[in-house]
Amino acid sequence: MQALFIGQTYIDVTFITDHMPTGDEKHVASDYAVSFGGNAVTAAFCCAKLGIVPDLIATIANDWLGRMFQDMTAKYGISVHPRKVNASSLSFIMPKDGKRAIVRCRDDAHIHPFPLLNLGNCRALHVDGHQPDAALHYAKLCREAGILTSLDGGGLRTNTHELLEYIDVAIVAERLCEQMDLTPEKMLDYLKSRGCRIGGVTQGEKGLLWYDEVGAVHTLPAYPIPRERVIDTNGAGDVFHGAYMYSYLANPAKSWKEHFEFARAASTFKIQKLGNEAGLPTLADIALVRQEFEARV
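Conventions used here
Residue numbering note: each chain is counted from 1, following its sequence as written. With pLDDT at 70 or above as the cut-off, local features in this predicted model cover only qualifying residues; side-chain atom pairs require 80 or more to be listed or tallied, and sums for whole chains, interfaces and linings still use all residues. Side-chain numbers here rest on the full set of heavy atoms in the structure, without hydrogens or water. Only DSSP runs of H or I covering at least 4 residues are called helices, and only runs of E covering at least 2 are called strands; the numbering of each starts at the N terminus. Whether a residue is buried, partly exposed or exposed follows from its accessible area with a 1.4 Å probe, protein chains only, as a fraction of its type maximum: under 20%, in between, or over 50%, in that order. Each accessible area is a Shrake-Rupley estimate made with a 1.4 Å probe; only the visible protein chains count as cover when residues are assessed. When charges are counted, Lys and Arg contribute as positive and Asp and Glu as negative, whereas His and the chain ends are disregarded. A charged residue contributes its charge at one atom only: NZ of Lys, CZ of Arg, CG of Asp or CD of Glu. What a helix should span is 1.5 Å times the count of its residues minus one. Note on pairing: DSSP must find at least two bridges between two strands before they are called paired. The convention used is that axes are lines fitted to C-alpha atoms, helices contributing only their stretch in contact, and that angles between N-to-C directions extend from 0 to 180 degrees. In this description, contact between two residues means that some pair of their heavy atoms is separated by no more than 4.5 Å. Known as pLDDT, the predictor's per-residue confidence is scaled from 0 to 100. When a carboxyl oxygen of Asp or Glu is within 4 Å of a side-chain nitrogen of Lys or Arg, the pair counts as a salt bridge. Under this scheme an angle from 65 to 115 degrees is roughly perpendicular, one under 35 degrees roughly parallel, and one over 145 degrees roughly antiparallel; angles in between are oblique. Each residue gets one label: Ala, Val, Leu, Ile, Met, Phe, Trp, Tyr, Cys and Pro are nonpolar, Asp, Glu, Lys and Arg are charged, and the others, such as Gly, are polar. Here a Phe, Tyr or Trp ring, Trp counted by its six-membered ring, pairs with any other such ring whose centre lies within 6.5 Å, and the pair is stacked when the planes are under 30 degrees apart, edge-to-face when over 60, and tilted otherwise. By definition, being over a ring means that NZ of Lys or CZ of Arg is both within 6 Å of the ring centre and within 35 degrees of the ring normal.

1. Quick word on the overall build of the chain
On a plain count of helices and strands, the chain comes out with 9 helices and 13 strands. Principal-axis analysis of the C-alpha atoms gives the chain an extent of 55 × 50 × 40 Å. Counting across all 297 residues of the chain, residues that qualify as buried make up 54%. Carbon and sulfur atoms provide 52% of the accessible area of the chain, an area that totals close to 13300 Å². Taking the 30 positively charged and 35 negatively charged side chains of the chain as two groups, their mean positions are separated by 2 Å.

2. Considerations on helix 1 (residues 39-50)
Turn by turn, an α-helix covers 3.6 residues, leaving residues three or four places apart pointing in a common direction. Look at helix 1: 17 Å from first C-alpha to last across 12 residues, which is about the 16 Å you get at 1.5 Å a residue. Helix 1 sits mainly inside the fold: 11 of its 12 residues count as buried. Positive backbone phi, at 130°, marks G51, one or two positions downstream of helix 1.

3. Overview of the sheet that holds strand 12 (residues 208-211)
Ordered in space as 5-4-1-8-9-10-11-12-13, the 9 strands form an open sheet in which the pairing is mixed. Looking along the sheet, the strands with just one partner apiece sit at the ends: strand 5 (79-85) and strand 13 (217-220). Geometrically, the sheet is characterised by an average inter-axis angle of 20° between neighbouring strands, direction not taken into account. Judged from the 7 bridges that link them, strand 4 (residues 55-61) and strand 5 form a sheet pairing that is parallel. Bridge pairing in strand 5 links A58 to P82. The strands touched by helix 2 (residues 64-76) are strand 4 and strand 5; relative to strand 4, the strand with the most contacts, the crossing angle is about 160°.

4. Regarding the side chain of S91
Mapped onto the elements, S91 comes out in strand 6 (residues 89-96). A relative accessible area of 2% places S91 in the buried class. Beyond its immediate stretch of four places on either side in the chain, S91 contacts Y10, I11, D12, V13, I102, V103 and R104.

5. As for the confidence of the model for the chain
Of the residues in the chain, 100% reach a pLDDT of 70 or more, and the chain-wide mean stands at 94. Highest mean pLDDT in the chain belongs to strand 8 (residues 124-127) (98); lowest belongs to strand 7 (residues 99-105) (85).

6. What about the pattern of salt bridges?
This structure, assessed with the given rule, holds 13 salt bridges. In this structure, D232 and K270 form a salt bridge, with 3.4 Å as the shortest nitrogen-oxygen distance. Separated by 38 residues along the polypeptide, D232 in the loop between strand 13 and helix 7 (236-250) and K270 in helix 8 (residues 256-270) bring together distant segments of the chain. Of the residues examined, K270 reaches a relative accessible area of 0% and is grouped as buried. Note that E294 is salt-bridged to R290, the shortest N-O span being 3.4 Å.

7. Details of the packing of helix 1 against helix 2
Where helix 1 meets helix 2, the closest approach of the two axes is 10 Å, and the angle between their N-to-C directions is 25°. In terms of orientation, helix 1 lies roughly parallel with respect to helix 2. On the side of helix 1, the interface is formed by V41, F45, A48 and K49, while helix 2 contributes F69, M72, T73 and Y76. The residue inventory of the contact of helix 1 with helix 2, partitioned by class, reads 6 nonpolar, 1 polar and 1 charged.

8. Description of the packing of aromatic side chains
Under the counting rule described, the total for this entry stands at 14 aromatic pairs. Relative to Y244, the ring of F240 has its centre 5.9 Å away and its plane inclined at 75°; by these criteria the two rings are edge-to-face. Remark: Y244 and F240 occur in helix 7; sequence separation between them is 4 residues, near one turn of the helix. The two residues F240 and Y244 agree in class, both being buried. Cluster of aromatic residues (ring-pair linked, three or more members): W210, F240, Y244, Y248, W256 and F260. One Lys or Arg, R104, reaches over the ring of Y10 and ends 5.4 Å from the middle of that ring. Above the ring of Y211, the side-chain terminus of K192 is found at 5.1 Å from the ring centroid.

The following block contains the structure:
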């Protein structure tokens, strides 16, 4: 095991349409994609696509969508440690004008306790707050063992405050700021108060506001990608997390500024593709994005 990711599994159905029907109305979408979904789950696939394959504790149901997901993980060589639920979770996503509307159907009623794993040579943990008992258990273990811990703070969970005590790198979304009634600047102060060594807030088109090991605050602007090239922003944050995890694992001596710059290029690639799988970049894809946009920021 090189890294462990923990999250909630979704199957994402993403479709492009200029109109949402109501009542008895029907309408034909112009394009669609079916892929894996979920914050830490998508990040795990991104890390695997880039070349370092993590282990994954994820929810799995014994239904056809669950078997589809297991086929997807097998394709990428990801070792899944399943946590059983009764039904697979689904997301229906409609991207439009740089935003995305989402309807979720979620089963997070875990039938069994989370699996207990031997971390062995694991070098990093990434969690998204789902499976809160598992996330807290492994964050504590990794903190004791000196293994890097990372959190995708996409939203407020039942254990967010407690979990942050054991997190080294906490990158949260603006949604968490809104839920906690904090400005992005105040969120950085909050993350510092919880002991997070690196903290940041992703702000979409405004880029990343973050602080480094000495507490200095920095801004990493988003690449100025033309609006017409933005197809699907869903999953961009997940790809960002998966890419900086890969960068840390591949080049631990590099600075977090360099890890985040690498991840920025990865998420810029993602938003130009429909669906999570199509939006997973290779190292060559990231190099091309950086070559195109580096001089413009």
